[in-house]
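Chain and residue survey
These are the residues of each chain, in order.
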Amino acid sequence: MSSSVSPLAPKNVPDMPVIAGVRLATAEAGIRYKNRTDVLLAIMDKGTAVAGVFTKSKCPSAPVEWCRAKLKGGKARALVVNSGNANAFTGKTGRASTALTAKIAAKAVGCSESEIFLASTGVIGEPLDATKFDGVLGRLAVSAEPGDYLAAAKAIMTTDTFPKVATATVKLGKAKVTINGMAKGAGMIAPDMATMLSFIFTDAPIAPAALQALLKAGVEDTFNAVTIDGDTSTSDTLLAFATGAAAEHGAPKISRASDPRLKAFTKAFNQILANLSEQVARDGEGARKLVEITVEGAKTKASARKIAMSIANSPLVKTAIAGEDANWGRVVMAVGKAGEPADRDRLSISFNGIRVAKSGARDPSYDEAQVSEAMKAPEIAIRVSLGLGKGRDRVLTCDLTKEYVAINGDYRS
């Protein structure tokens, strides 16, 4: 965890309201870090619905496999998250560790092990000593209280420089419902579902199947449209929990994601996902610039996404931005290598609203001084127009600095 906060961090942290049916507690379990919290226990009331999306990596962590298996039950009573050790590539030992953690948590909370959900983040390949949770989770179960989501977000950080939280309150029927979210992630970010770890809590009475549909749709243009370094984690986990407590205040029970009464909730839910995923991009390891890449005029939205990701994941593009160089040649390169339909002679490119390339060549009105000044901004918008169709998409990334290399060069040491 860095001692200096990213210059792109949000200026204001929202006050996170209590969500009925959710209690939180954190502690120092000594997993890897010293003198900081590294374990989170969230306890949910009976009947809480759960949904989840996970990494598509073919080498998933033991907690990812555990959650996938337990998700079929649709109900959750507790979430245990640790930082410092990913419990990934740990074989039978890793599976035994998840089973022991769940057993300890279930005893502490007083529920079935099938209602325990787990997530781990940190070093890959190191065995996780689950015995460190013995006693700790019991104390956390007793001390857990509604409220401190910021402390919870801090406990799950690794190389993050700031905790990531977001909240929204909307009407569901005639009742107010709240959505709180937290996330962690700064490196190894090229999600193929969500990003590293993220957790959403709401008191809305939404059935597991409906919540799952909302989550699966919501990540596509939020977490799945963010990349920091092109590397998809073994641990990517996004879980959503709906306690249903708002039903006592008149909120209707929702069984289908297509229910028209869910319109405002869905919008707010997606805004939470978008907010958290942008915070992840803002906290990219060593980042000094937030980069928005928009590709328009593609054959399809899917084609635009692939081209945008090709640009966003290009080390040459990202280092040029770090050096405040509007090097459109590198953008052209990234468009050309994406393997999607493109026509060099129709291609136009702009940086922060200034067009630098048009119809396959440098823009006739190009002004080096004007563009150089624009590239000093902390937020850079790259727009690519292909001129082939109506497909459009947007992704977020950050620049690539020397600090990224420094952070990852000694991550295990």
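Residues numbered from 1 in each chain as written. Predicted model: local features only at pLDDT ≥ 70, side-chain atom pairs only at ≥ 80, totals over all residues. Heavy atoms only, no water.

Observations concerning the pairing of strand β7 (residues 175-184)
Buried residues dominate β7, accounting for nine of its 10 residues. Relative to β7, strand β6 (residues 164-172) is paired through nine bridges, and the arrangement is antiparallel. Along β7, the bridge assignment pairs T169 with T178. Counted along the chain from β6 to the antiparallel partner β7, the turn is two residues long, and its residue G173 has a positive phi close to 65 degrees. Looking at chain direction, β7 and strand β8 (residues 197-202) are connected through six bridges and run antiparallel. Across the sheet, I179 pairs through a bridge with T202, a residue of β8. (Buried < 20%, exposed > 50% of the residue type's maximum accessible area, 1.4 Å probe, protein only. Helix = DSSP H or I, 4+ residues; strand = E, 2+ residues; numbered from the N terminus. Pairing = 2+ DSSP bridges.)

Quick word on the domain arrangement of the chain
According to the domain assignment, the chain consists of domain 1 (22-283) and domain 2 (290-410). Domain 1 and domain 2 are separated by 33 Å when their C-alpha centres are compared. Taken together, the contacts link 13 residues of domain 1 with 16 residues of domain 2. Where domain 1 abuts domain 2, roughly 1,200 Å² becomes buried across the two surfaces, and 51% of that area is made up of carbon and sulfur atoms. Three residues, A225, T227 and I228, lead the burial of domain 1 against domain 2; their summed loss comes to 37% of the area buried on that side. Here D221 ties to K301 by a salt bridge, and the two come within 3.1 Å at their closest N and O atoms. At the junction of domain 1 and domain 2, the tally comes to 11 residue pairs in polar contact (both at pLDDT 80 or more). Of the residues contributing to the side of domain 1 that touches domain 2, the split by class is four nonpolar, four polar and five charged. (Domains from an automatic or database assignment. Contact = heavy atoms within 4.5 Å. Buried area = accessible area lost by both parts, 1.4 Å probe. Salt bridge = Lys/Arg side-chain N within 4 Å of Asp/Glu carboxyl O. Polar contact = N/O pair within 3.5 Å; in protein donor to acceptor, adjacent residues only side chain to side chain. Nonpolar A, V, L, I, M, F, W, Y, C, P; charged D, E, K, R; others polar.)

Structural notes on the packing of aromatic side chains
Across all of its chains, the model carries five aromatic pairs by this definition. In this structure an aromatic cluster arises from ring pairing among F117, Y149, F201 and F241. Directly above the aromatic system of W66 lies the positively charged group of K70, at a separation of 4.4 Å from the ring centroid. (Phe/Tyr/Trp six-rings, centres within 6.5 Å; stacked < 30°, edge-to-face > 60°. Lys NZ or Arg CZ within 6 Å of the ring centre and 35° of its normal.)

Focus on the nonpolar core
Grouped together as the largest cluster of nonpolar side chains are 54 residues, with contacts concentrated most on V39, L79, M182, F199, F201 and L239. Here this core gets six residues from one element, more than from any other, and that element is strand β2 (residues 39-44). Those residues within four positions of V39 in sequence are excluded, and the remaining contacts are A25, T26, A27, A29, V80, V81, N82, F133, V136, L137, L140 and A155. Counting 42 residues, the second-largest nonpolar core is a separate cluster that includes A51, A168, I200 and A242. (Core = buried A, V, L, I, M, F, W, Y, C linked by side-chain atoms within 4.5 Å.)

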